[in-house]
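Summary of the model geometry
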Amino acid sequence: VQLQASGGGLVQPGGSLRLSCAASGLTFSSYVMAWFRQAPGKEQEFVAALSRGGGTTYYADSVKGRFTISRDNAKNTVHLRMNSLRPEDTAVYYCAGDRSLITSSIRDRGQYDYWGQGTQVTVSS
């Protein structure tokens, strides 16, 4: 199983970015997919997750209303659209996936078996 994250970069406050995570070597539609992030000097934290069929989404309070997670099961890809970016959104963003995850554990990074390599997002003027 491989997860390849891309789309990070430098953006000004208030700007937007779209992250993508391409998956291979798995039955993508069977996996819960999520994004986590880790800022310098901080622990990795949950950002957003999406159910296997894409019908249910989960967000951290800090990004709710600004970020949108989506998936394309035909292309084995999950996206994170980030709007109204703030300096505190600066972090390395990781995509993650798990096949057997239950809803109550969806925000728990320890429950995810597969991880991408991370993509840097920097929000600065």
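Quick note: structure is the one above.
Residues numbered from 1 in each chain as written. Predicted model: local features only at pLDDT ≥ 70, side-chain atom pairs only at ≥ 80, totals over all residues. Heavy atoms only, no water.

1. Structural notes on the side chain of Arg 37
Worth spelling out the cut-off: Only DSSP runs of H or I reaching four residues or more are called helices, and only runs of E reaching two or more are called strands; each is numbered from the N terminus. In this scheme, a residue with accessible area under 20% of its type's maximum is buried, one over 50% is exposed, and one in between is partly exposed, where area comes from a 1.4 Å probe on protein chains only. Side-chain atoms alone can form a polar contact between residues adjacent in sequence; in general such a contact is a pair of N or O atoms within 3.5 Å, and within protein one must be able to donate a hydrogen while the other accepts it. Here, two residues are considered to be in contact whenever any of their heavy atoms come within 4.5 Å of each other.
With respect to the helices, strands and loops of the structure, Arg 37 is situated in strand β4 (residues 32-38). On the accessibility criterion, Arg 37 (6% relative accessible area) is buried. Of the polar contacts made by the side chain of Arg 37, one reaches the side chain of Asp 89; its length is 2.9 Å. Within the local environment of Arg 37, its side chain forms a polar contact with the side chain of Tyr 93, the two groups lying 2.9 Å apart. Once residues lying within four places of it in the same chain are set aside, the contact partners of Arg 37 are Glu 43, Gln 44, Glu 45, Val 47, Ser 62, Val 63, Phe 67, Glu 88, Asp 89, Ala 91, Val 92 and Tyr 93.

2. Structural notes on the state of the cysteines
Defined as follows: Sulfur atoms of two cysteines make up a disulfide when they are within 2.5 Å.
Taken as a whole and judged by the stated rule, the model has one disulfide. A sulfur-sulfur separation of 2.1 Å characterises the disulfide bridge that pairs Cys 21 with Cys 95. Torsion about the S-S bond of the Cys 21 and Cys 95 cystine: about 55°, corresponding to right-handed handedness. Note that Cys 21 is positioned in strand β3 (residues 17-24) and Cys 95 in strand β9 (residues 91-98), a separation of 74 residues in sequence. For Cys 95, a relative accessible area of 0% gives the class buried.

3. So, unusual backbone geometry
Its identity as a non-glycine residue notwithstanding, Asn 76 has a phi of 55°, on the positive side. One can find Asn 76 in the loop between β7 (67-72) and β8 (77-82). A relative accessible area of 22% places Asn 76 in the partly exposed class.

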